[in-house]
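Architecture at a glance
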Amino acid sequence: MNLDEILGMLSNYTQRNYAQARSMPPEFYTSEEVFKLEQERLFRSQWVCLGRIQQIPNPGDYFTTNLIDEPLIVVRTNANEIKVLSNVCRHRGSVIADGSGNSNVFVCPYHSWTYSLNGELRHAPLIDKRTDFDRNRCRLPTFSIEVWGGFIYVNLDGTAPSLAAQLGGLSKIIEHYHMDEMIERHAEESIWDCNWKCLAENFMEGYHLSTVHRETLHDITPTRLSKHFPAGEGYFGFYSVFPDDLPQRGEYHPDLTTEERNRSVMFAVPPLHVAGVAGHKVGYLYLRPETVSTVRVKRGIAVLDSEISDVDLKNITDTFERTMAEDSTQLSRVFRGLKSRYLDTAPLGPINYEGNVHDFYHYLAGKLL
Ligand code: FES
Ligand SMILES: [Fe+2]
């Protein structure tokens, strides 16, 4: 199946109503051509989440990251603004900073070109005196950023419309959780053997909760209580409702209604950010597709309750990591299956269980067609 045929099916399937919704063919997940198109139309031109604002609370705090081979520095400047700079030296292209930390300047390790926190070139040893040397033409490029819910998003090509405007409906759904005040207490990353879209779909459907997560999540958020909510321009999601007899789980913000206390809100800010917020915590994944068949999964948990005990934190983290391991194992099985020549498409389950897969196709059709 070539690119045109795959996109033709995406167009056809997303014009149907949900009663006729079907899964996309395996080539949608295994095609190098689709992956190339996604890099340009999605990863470079849409909002991609890089981390939490509390990772860089003070001027000079920074962390480095990568998005489709673009090394980036996320930094809080002396003016207390968050900026995303290219982490590539203007001289002869070395990556400048590593890891995270606090600094007044960024010094390239190769020949010590030195940049301010805003990306201006401050010093270029021995070259400064060249008459044709214009340091203003050697500043590090900066990229568009937006902060939403305590998350920092970047748009590499600067063409994406305002993220906050796209997420207006979602902001209302989750406002009582005060996610922007939650502090990251767990961070992990690993590479999963599947196409990135398999992972986004998996996180966003409740159909597998009672099977893949029989031991970990079924008693808390069983498949049968999943409830789809309508997608908005820049998001989609579902409620993962707790059984009536479940005891209170941890602390809650007093703003939360009884209904809100008794469910998780699972949401995606596509293309590469999925999360679940419940009570006083949010768990999230930043997807970093590395190849068509591998995705780096950066993930974390942030909590509102600064007094949370080590035991409670460990319980939350252990459950999260166990479910991630269950998903990773299952998704590698899916991706092995997707390489078969004899796999066709199939009907999707009822909207409350698999509706978000169809929502995701809609989002992708809007960007790729
Ligand atoms: S490459 Fe950075 S100073 Fe030469
Ligand atoms: Fe899962």
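These figures come from a predicted structure and were not determined experimentally.

Section: empty space enclosed by the protein
One water molecule sets the probe size; rolling that probe over the atoms shows where empty space is left. Tallied over the full model, the rule gives three cavities of 30 Å³ or more. There is about 50 Å³ of room inside the largest cavity. Lining the largest cavity, in full, are Gln46, Trp47, Leu163, Gln166, Gly234, Val269, Pro270 and Tyr363. Estimates place the volume of the second largest cavity at around 40 Å³. Lining the second largest cavity, in full, are Ala200, Met204, Phe236, Ala268, Pro270, Pro271, His273, Val274, Leu287 and Phe360. Residues that form the lining of the second largest cavity fall into these classes: nine nonpolar, one polar and no charged.

Side note on the pattern of salt bridges
Tallying each qualifying case throughout the model produces 12 salt bridges. For Arg44, the salt bridge is made with Glu40, and the minimal N-O distance between the two is 3.4 Å. With relative accessibility at 24%, the residue Arg44 sits in the partly exposed group. A relative accessible area of 46% places Glu40 in the partly exposed class. Connected through salt bridges with shared partners, the residues Glu189, Glu290, Arg296 and Lys298 form a single ionic network.

Notes on the coordination of the iron ion (ligand 2)
The coordination sphere of the iron ion (ligand 2) contains the protein donors His208 (NE2), His213 (NE2), Asp327 (OD) and Asp327 (OD), at a distance range of 2.1 to 2.4 Å. Taken together, the four donor atoms coordinating the iron ion (ligand 2) span angles of 57 to 146° at the metal, a pattern that classifies the geometry as irregular. Donor residues for the iron ion (ligand 2), ordered by position in the chain, follow H-x4-H-x113-D. Of this pair, His213 sits in the loop between α7 (209–212) and β12 (226–232) while Asp327 sits in helix α9 (residues 310–338); the two residues are 114 residues apart in sequence, bridging distant segments of the chain. Like Asp327, His213 is buried.

Here's the deal with the pairing of strand β16 (residues 281–291)
Each regular strand displays side chains that alternate between the two surfaces of the sheet. Of all 11 residues in β16, nine are buried, a share of seventy percent or more. Linking strand β15 (residues 273–278) back to β16 in an antiparallel pair, the connection comprises two residues, with Gly279 at a positive phi of about 55°. Pairing between β16 and strand β17 (residues 294–303): 10 bridges, direction antiparallel. Bridge pairing in β17 places Thr291 opposite Thr294. Hairpin connection between β16 and β17: a loop of two residues separates the two successive antiparallel strands.

What about the layout of surface pockets?
As a volume, the second largest pocket reaches approximately 620 Å³. Secondary-structure elements contributing two or more residues to the lining of the second largest pocket are α6 (196–203), α7, α9 and α10 (351–368). Grouping the amino acids of the lining of the second largest pocket by side-chain chemistry returns 15 nonpolar, six polar and four charged.

Remarks on the sheet that holds strand β13 (residues 235–241)
Spatially, seven strands are ordered β11-β17-β16-β15-β14-β13-β12 in an open sheet, and the strand pairing comes out antiparallel. Both edges of this open sheet fall to β11 (183–192) and β12, since each of them pairs with a single strand only. Across the sheet, the mean angle from the axis of one strand to that of its neighbour is 15°, orientation sign disregarded. The pairing of strand β14 (residues 263–269) with β15 spans five bridges and is classified as antiparallel. When the sheet's bridge partners are listed, Ala268 is paired in β15 with Val274. Sitting on the sheet, α6 is in contact with β11, β13, β14, β15, β16 and β17, with an inclination near 160° to β16.

Analysis parameters
Residues numbered from 1 in each chain as written. Chains lettered and ligands numbered in written order. Predicted model: local features only at pLDDT ≥ 70, side-chain atom pairs only at ≥ 80, totals over all residues. Heavy atoms only, no water. 1 Å grid on protein atoms, 1.4 Å probe; cavity = no way out; pocket = protein on both sides within 12 Å on 5 of 7 lines; lining within 4 Å. Points joined across faces, edges and corners; volume = space filled by probe spheres on them. Nonpolar A, V, L, I, M, F, W, Y, C, P; charged D, E, K, R; others polar. Salt bridge = Lys/Arg side-chain N within 4 Å of Asp/Glu carboxyl O. Buried < 20%, exposed > 50% of the residue type's maximum accessible area, 1.4 Å probe, protein only. Donors = N, O, S within 2.8 Å, 3.2 Å for Na, K, Ca; no water. Tetrahedral: all angles 85-135°; square planar, octahedral: opposite > 155°, others 65-115°. Helix = DSSP H or I, 4+ residues; strand = E, 2+ residues; numbered from the N terminus. Pairing = 2+ DSSP bridges. Axes fitted to C-alpha atoms, helices over the stretch in contact; angles between N-to-C directions. Contact = heavy atoms within 4.5 Å.

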